[in-house]
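# Commentary on secondary and tertiary structure
Residue strings, one per chain:
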Amino acid sequence: SQTIHQWPATLVQPVGSPLSLECTVEGTSNPNLYWYRQAAGRGLQLLFYSVGIGQISSEVPQNLSASRPQDRQFILSSKKLLLSDSGFYLCAWSTGTAYEQYFGPGTRLTVT
Amino acid sequence: QKEVEQDPGPLSVPEGAIVSLNCTYSNSAFQYFMWYRQYSRKGPELLMYTYSSGNKEDGRFTAQVDKSSKYISLFIRDSQPSDSATYLCAGVGSGYALNFGKGTSLLVTP
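Only a predicted model underlies this, so the values are computations on that prediction, with no experimental measurement involved. (Residues numbered from 1 in each chain as written. Chains lettered and ligands numbered in written order. Predicted model: local features only at pLDDT ≥ 70, side-chain atom pairs only at ≥ 80, totals over all residues. Heavy atoms only, no water.)

## Points about the overall build of chain B
- What chain B contains, in helices and strands, is zero helices and 11 strands.
- Secondary structure elements of chain B, listed N to C terminal, follow the sequence β-β-β-β-β-β-β-β-β-β-β.
- Relative to its length of 110 residues, chain B is compact, with a C-alpha radius of gyration of 13 Å against a globular reference of 13 Å.
- If one aligns the C-alpha atoms of chain B with their principal axes, the spans along those axes are about 40 × 25 × 20 Å.
- In chain B, which comprises 110 residues, the proportion classed as buried is 43%.
- When the accessible area of chain B is evaluated, it comes to approximately 5200 Å², of which 48% is carbon and sulfur surface.
- Averaging the coordinates of the 10 positive side-chain charges in chain B and doing the same for the 10 negative ones gives two points 6 Å apart. (Helix = DSSP H or I, 4+ residues; strand = E, 2+ residues; numbered from the N terminus. Rg over C-alpha atoms; globule rule 2.2 N^0.38 Å. Buried < 20%, exposed > 50% of the residue type's maximum accessible area, 1.4 Å probe, protein only. Areas by Shrake-Rupley, 256 points an atom, 1.4 Å probe, with all protein chains shown as cover. Lys, Arg positive; Asp, Glu negative; His and termini not counted. Charge placed at Lys NZ, Arg CZ, Asp CG, Glu CD.)

What follows is the structure in structure tokens.
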């Protein structure tokens, strides 16, 4: 069966510091991978998706970037965090279709 | 206007009640519709998805889509306290981005 991992689970970072969140998927090959953010009082918003190694599509302009160095690894990064980057970051995977996405446990980021 | 609208609740029902959760959407390009359940501080869990208009049943859960009125529903029969969570609806067209509502908070009281 497939499993998706995210770490860290929680993170408190000062404004201006860098960020690296990691997501890995087990039990499947060549998955589509997604990064979402869920901010307080707002719905889930897609930030990036990837259909293959090195292929990243950005859905919204922001202070964040994503990379996919390996087939089942997806990384979310920032060089300098803003207060507005606080939120619950969720990684998801799917096979060839987009409508069956499975989410990881999430990383709760607080920027102070 | 947000593409998917959902009443945030909270919705409180007694154990054993039938629960009706609803969403409306505005994007006619949506073809698939999903329901997710999210417990506090956890990632969303996919409950079920439907294609176009119609009904789909899975155990105590029934999803219903009416594309003519752009209305999405989830019915939960014989609700249990363990069903207490936030329920998120979403739609997707030909792209990769799921468009989520903000979620409805459900509380099932024993």
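Once the structure has been displayed, the description carries forward.
## Observations regarding the pattern of salt bridges
Residues and elements named next belong to chain A.
- Within the structure shown, the criterion is met by five salt bridges over all chains.
- Of the charged contacts in the structure, one is a salt bridge between Arg-37 and Asp-85, with a shortest N-O distance of 3.7 Å. Of this pair, Arg-37 sits in strand S4 (residues 32-38) while Asp-85 sits in the loop between strand S8 (73-78) and strand S9 (87-94), and the two are 48 residues apart along the sequence. With respect to class, Arg-37 is no different from Asp-85; both count as buried. (Salt bridge = Lys/Arg side-chain N within 4 Å of Asp/Glu carboxyl O.)

## Points about the environment of Arg-68 of chain A
Residue and element names in this part refer to chain A.
- Structurally, the position occupied by Arg-68 is in strand S7 (residues 65-70).
- Sequence separation between Arg-68 and Leu-33 is 35 residues, and the spatial gap between their C-alpha atoms is 8.8 Å.
- Setting aside its immediate chain neighbours within four residues, Arg-68 contacts Asn-30, Pro-31, Asn-32, Leu-33, Ser-50, Val-51, Gly-52, Ile-53, Gly-54, Ile-56, Gln-73 and Phe-74.
- Engagement of the side chain of Arg-68 in a polar contact is seen with the backbone oxygen of Pro-31, the distance being 2.7 Å. (Contact = heavy atoms within 4.5 Å. Polar contact = N/O pair within 3.5 Å; in protein donor to acceptor, adjacent residues only side chain to side chain.)

## Structural notes on the interface of chain A and chain B
- On the chain B side, the residues contacting the 23 residues of chain A number 19 residues.
- Summed over both partners, the interface of chain A with chain B buries about 1700 Å², with 63% contributed by carbon and sulfur atoms.
- Per-residue buried area on chain A facing chain B is highest for Leu-44, Tyr-99 and Phe-103 of chain A; these three make up 33% of the total on that side.
- Counting across the chain A and chain B interface gives zero salt bridges.
- Looking at side-chain class alone, the side of chain A that touches chain B contains 13 nonpolar, six polar and four charged residues. (Buried area = accessible area lost by both parts, 1.4 Å probe. Nonpolar A, V, L, I, M, F, W, Y, C, P; charged D, E, K, R; others polar.)

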